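# Commentary on secondary and tertiary structure
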Amino acid sequence: MMKTLIPHRGTEGTEREEKMRDFHRRGRRGTRKANWILDLVAVLSATANSILASEPEVKPEELPRTKAVEMGEALGTFEVRGGVRLELVAGESSAGASRHLAEVVDPIAMCFDEDARLFVVEMRDYSERRDERLGRIRMLEDTDEDGRFDKSTIFAEGLPWPTALIWYGGGLFVGSTPDILYFRDTNGDGKADERKVVFTGFGEGVKRLNVQQLFNSFTWGLDNRIHGASGGNGGKITTVGKSGSALELGASDFSFDPRTLEMRRENGGGQYGMTFDSAGRKFVCSNSAHIRQVMYAFGDVLPEMEYPLPAAALDIPVDGPSGPVYRISPEEPWRVLRTKWRVVGLVAGPIEGGGRASGYFTSASGVTIYRGTALGAEFEGDAFIADVGSNLVHRKKLRANGVPFKAERAADEQTSEFLASRDNWFRPVAFANGPDGALYIADMYREVIEHPWSLPPNIKKHIDLNSGNDRGRIYRAVGTNFVQPKLPRLSRSSNEELVAMLGHANGWHRDTASRLLFERLTKNADPSIAEKIREQIGSKEKYAGIYALNLLGSLEEASPGGAFKLEATDVGRAIQSTNAELVEVAVKFLPRFPNPAGVAVFDRLAKHSSARVRYAFAWALAKIDVLNKSALLSTLELRPGDFASGVVGELNWLHEVACAAASADKKLMSSKKREDFGWQFAVARSKSRNSKASSVAAIASVAASPRAEALKRYSAALELKGNAAKGKVIYQERCASCHRLYGQGTAVGPDLESVRTAGKELTLINILDPNREVPPRFATVEISTGDDELVTGVVANDAPNGISLRMANGAETFVPRSQIKGTRTTSTSLMPEGLEAGLTPADVADLLGYISGE
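Bear in mind the structure is a predicted one, so any value in this text is a computation, not a measurement. (Residues numbered from 1 in each chain as written. Predicted model: local features only at pLDDT ≥ 70, side-chain atom pairs only at ≥ 80, totals over all residues. Heavy atoms only, no water.)

### Concerning the overall build of the chain
If you tally the helices and strands in the chain, you get 24 helices and 33 strands. A burial count over the chain gives 59% of its 854 residues as buried. Looking at the chain alone, contacts between residues at least 24 apart form 66% of all its contacts between residues at least 6 apart. Accessible surface, the chain as shown: approximately 33700 Å² in total, 49% of it carbon and sulfur. (Helix = DSSP H or I, 4+ residues; strand = E, 2+ residues; numbered from the N terminus. Buried < 20%, exposed > 50% of the residue type's maximum accessible area, 1.4 Å probe, protein only. Contact = heavy atoms within 4.5 Å. Areas by Shrake-Rupley, 256 points an atom, 1.4 Å probe, with all protein chains shown as cover.)

### Focus: unusual backbone geometry
Outside of glycine, negative phi angles account for most residues, and trans bonds account for most peptide bonds. That bond from Y126 to S127 is cis: its omega, 5°, falls within 30 degrees of zero. Among the structural elements, S127 can be located in the loop between strand 4 (118-122) and strand 5 (135-141). P178 follows T177 through a cis peptide bond whose omega is 15°. The backbone phi angle of D106 is positive, close to 50°, even though this residue is not glycine. Considering the arrangement of structural elements, one finds D106 in the loop between strand 2 (84-91) and strand 3 (107-112). Judged by its relative accessible area of 0%, D106 is buried. One non-glycine residue, S217, lies in the positive phi region at around 60°.

### Quick word on the packing of aromatic side chains
Describing an aromatic ring pair means giving the distance of the ring centres and the angle of the ring planes. Tallied over the entire structure, the rule returns 27 aromatic pairs. Ring geometry for F218 against F254: centres 6.3 Å apart, planes inclined by 85°, an arrangement best described as edge-to-face. Of the two residues, F218 is situated in strand 11 (residues 216-220) and F254 in strand 15 (residues 253-256); the sequence distance between them amounts to 36 residues. F254 carries the same exposure label as F218, and that label is buried. (Phe/Tyr/Trp six-rings, centres within 6.5 Å; stacked < 30°, edge-to-face > 60°.)

### Topic: the confidence of the model for the chain
The predicted structure's coordinates, where accompanied by low pLDDT, should not be read in detail. For the chain, mean pLDDT is 81; residues scoring 70 or higher make up 78% of the total. With pLDDT under 50 throughout, residues 698-703 is counted as low confidence; its partners more than four residues away or in other chains account for 29 contacts. (pLDDT = per-residue confidence, 0-100.)

### Some details on the sheet that holds strand 26 (residues 428-433)
Pairing within the open sheet is antiparallel, and its four strands lie in the order 2-28-27-26. Strands at the two margins of the open sheet, each flanked by one partner only, are strand 2 and strand 26. Sheet twist, expressed as the mean angle between neighbouring strand axes with direction ignored, is 25°. The pairing of strand 26 with strand 27 (residues 439-443) spans five bridges and is antiparallel. (Pairing = 2+ DSSP bridges. Axes fitted to C-alpha atoms, helices over the stretch in contact; angles between N-to-C directions.)

### Quick notes on the nonpolar core
With 135 residues, the main nonpolar core has I137, F173, I180, I474 and I533 as its most contacted residues. Tallying contributions element by element places helix 10 (residues 544-558) first for this core, with eight residues. Within the second largest apolar cluster, 31 residues are counted, among which are M274, I385, Y615 and A799. (Core = buried A, V, L, I, M, F, W, Y, C linked by side-chain atoms within 4.5 Å.)

In structure tokens form, the structure reads like this:
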């Protein structure tokens, strides 16, 4: 096979081929010798031009196809954690399929209406058939209420790359770039006869639309707005039929009022997947960042905050953004081959996982907080994330960790997954909390799911990206003792019954009841219902007060005639609650009131035992009238510095907000050094389990770079035993200004805690050739200002009020939006080449020893 990797060039070529074959044989055995590394470097350096000149040819037998597993045998391919039962509830019409099972194909997004009908996005035109407009919306019904869908109707069709949907007002909002459309069935036949475009402009300005960066994840928020993830393609959004300037999304998410169609930007920035927990906290995910918590809202940032803020989205998994996964399906031959080509520099593309083809998140999607009852109390509040490429569903427990959560594996899932399939065609992409309390799983069921641009042509021609576009499945996960309940028909419920459901144990009931009340009461105000909603603030049910406060707040702004009003006494009563999550939500409403609460309430919040409550209070203070702040703080007898350190200091990142809350004097904001309070949260440690064999393989790609000679000289360090004490001195002299390790140093580039487990070989490559593969988040950005100045650094935060750039030693420069003339991202790292100058191989061995923890 290696003849396909190195073009034949006579006798010399044959010798090179033999060395490459030897490289792979040794790689499989795990042999790692410095003299072999030197040989490999010499071989690839001498032939770099020929290696990069052409992509190898591949024979069809080298990339065997995999066969689909028919539906009748599908459940037998899964390993599911104990106490959980997986059920097939809908699927394609094929051999072995139940005649009583409703049909569905290519499901990628789902939502329920108030009567438990399931609407599904069918993306049949994935991944290169957008122009054929094959996308559809299908409606599934369980007419006999046995827990399986038995009736299927095409609700709408003719959509190019549809990706999102949500039910509202008796119809369906559907996202299909560049539009958000609204569909409604007016005659009751199950098919939409009303179709109109309400927003347009998603992806506008993008020359080549990326199928894996489309907007998605329409979700009903506690604020009674529809939220969506922008996905990465951004856009300039206009409301059809309304005048006004376009809303430029950039990398932001968005939300809109379904009544007025007013749209605004929101913080987030995930790729495919966005969710809220029952207290309204937001989480997103991207391919190699499987769960991120959004730490503050876009609207929290005020125009007068002309100082830098940290990025809103924070990686919270303890095992790292692209943490390990444990697939039980075989690695696809094409994926293994492509990884090898990337490692040796034959094709472009990121070398992830130290050169492994799998074993870590590469396609995290559909992050969803489970808020149901069918799995059992153990799972309520857990995060579920799909990994499409590894054919599995991953679960994370969200544990208290100060202000942010920390996401970690359950104790009994340390080396296994919530569920995984041996079938390579199992492609989980999205989840939904169901009216029965179950977790629903959309399985696109395709032979291949991969971005077509990332496939080398000589591999792609042997792959059928359409294989499976006539298949698809939907599962639900329930506890082994789960008993099918009677399905709710909330369209028949009275307003009083819906108010009572605001405290329901099942999250779907709470969300749907709140939505229906919002729909009804904004059309026909019923003042008597306001008092019933207000009573829920004092309910013993954990989430009733949270939903009641948000509903009153939304109705005050939207209901006709001012029939509903959120009173200061409502907020004050919630703040006195022993339920910290209710207090955290209530604090956010304080800025609505000129004199929001008495000093006793403020004192209570400043000293609250919950870090998240104090954190929410700091943001609320930033919005409260400046004149009132001074008086309040004076009464509290807290100096601004004490307030910052005592209330916000432990939060590790809101020094400026605390100072803004304490005084309008901007001099105060610069009187405290940012490092006094620790500017960032600690970066989560990566637990990447790279094999040493695949790590060394990555050295091959450096041989073709200008830094090959440096690698050749210092590769001997890999065979030397390092002195960690001496290495620490070198780290402090040459690395600490830009990298943190063992709690020391400054976080400008990657935290060395998160990369050292990749092995000494890859660490050496990163030191010697820093520009070889620069992750986007650490790329150098140049900002030109209106004063014709050029500011260069790594983006610390791209916030609503401006961009913060971080430079060596942690110094930051904040450029307000009003001063930005243009930006440019380069392909280089801030880390200079030649960092090894003046060091011997023994010195480098010492440095590697310190970094690796020897």
